[in-house]
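Remarks on the overall topology
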Amino acid sequence: MNILLVDDEKNIRDSLSDFLVKIGHKVVCASSASEALDIFHKDDIDIVITDIRMPDMDGLELLKKIKVIERSTVDAIVITGHGDVNNAVKALQYGAYDYFLKPIKIKELAIILERCAENRIFQKKHKELKS
């Protein structure tokens, strides 16, 4: 799958990107939400993985723009080092597929990515059957 990874912390971007590539995904990284939006509009993205706290625009606002305003069917996973119930609720209301606290348990992330892939297959088949 094509994954857009958004985090302003280079170490997290690099290590998570390396892991995602090792398990077979194509990864495009962005260090800010505005950069991520540019990439999202240019590339064919299946999943967005975004941090919440970033300097220019937070990940929840990015998620809202992608899922609520643009009504994209892309799956989104939110990650944060500063978890709280309000952010988790907002993320799910805006259409996040899942919500992870840092440090990320990579085995759990791999399972969620498999579920996202299955979900995308079902969405595609459903769309084909409707038309």
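What comes next concerns the included structure. Given the structure is predicted, the values throughout are model-derived calculations rather than measurements. (Residues numbered from 1 in each chain as written. Predicted model: local features only at pLDDT ≥ 70, side-chain atom pairs only at ≥ 80, totals over all residues. Heavy atoms only, no water.)

Observations regarding the environment of R13
- Structurally, the position occupied by R13 is in helix α1 (residues 10-22).
- The sequence separation of R13 and C29 amounts to 16 residues, and the corresponding C-alpha distance is 7.0 Å.
- If sequence neighbours within four positions are ignored, R13 has contacts with L5, D7, D8, C29, A30 and S31. (Helix = DSSP H or I, 4+ residues; strand = E, 2+ residues; numbered from the N terminus. Contact = heavy atoms within 4.5 Å.)

Some thoughts on the nonpolar core
- Residues L16, L20, I49, I77, L109 and L113 are the most contacted members of the largest nonpolar core, which totals 17 residues.
- When contributions to this core are tallied by element, the ones reaching two or more residues are β1 (2-6), α1, β3 (47-51), β4 (75-80) and α5 (106-130).
- Per-element accounting of this core gives the leading share, five residues, to α5.
- Leaving out residues up to four positions away in the same chain, L16 has contacts with L5, I79, I104 and L109.
- Listed in part, the 16 residues of the second largest apolar core include A33, F40, M54 and L62. (Core = buried A, V, L, I, M, F, W, Y, C linked by side-chain atoms within 4.5 Å. Buried < 20%, exposed > 50% of the residue type's maximum accessible area, 1.4 Å probe, protein only.)

Some remarks on the packing of helix α2 (residues 33-42) against helix α3 (residues 59-69)
- In contact at an axis separation of 10 Å, α2 and α3 are set at 25° when each is read in the N-to-C sense. One finds that α2 runs roughly parallel with respect to α3. In terms of crossing hand, the pair formed by α2 and α3 is right-handed. Here α2 contributes A33, A36, L37 and F40 to the contact with α3, which in turn contributes L62, K65 and I66.
- The residue inventory of the contact of α2 with α3, partitioned by class, reads six nonpolar, no polar and one charged. (Axes fitted to C-alpha atoms, helices over the stretch in contact; angles between N-to-C directions. Parallel < 35°, antiparallel > 145°, perpendicular 65-115°, else oblique. Left-handed = near helix turned anticlockwise from the far one by under 90°. Nonpolar A, V, L, I, M, F, W, Y, C, P; charged D, E, K, R; others polar.)

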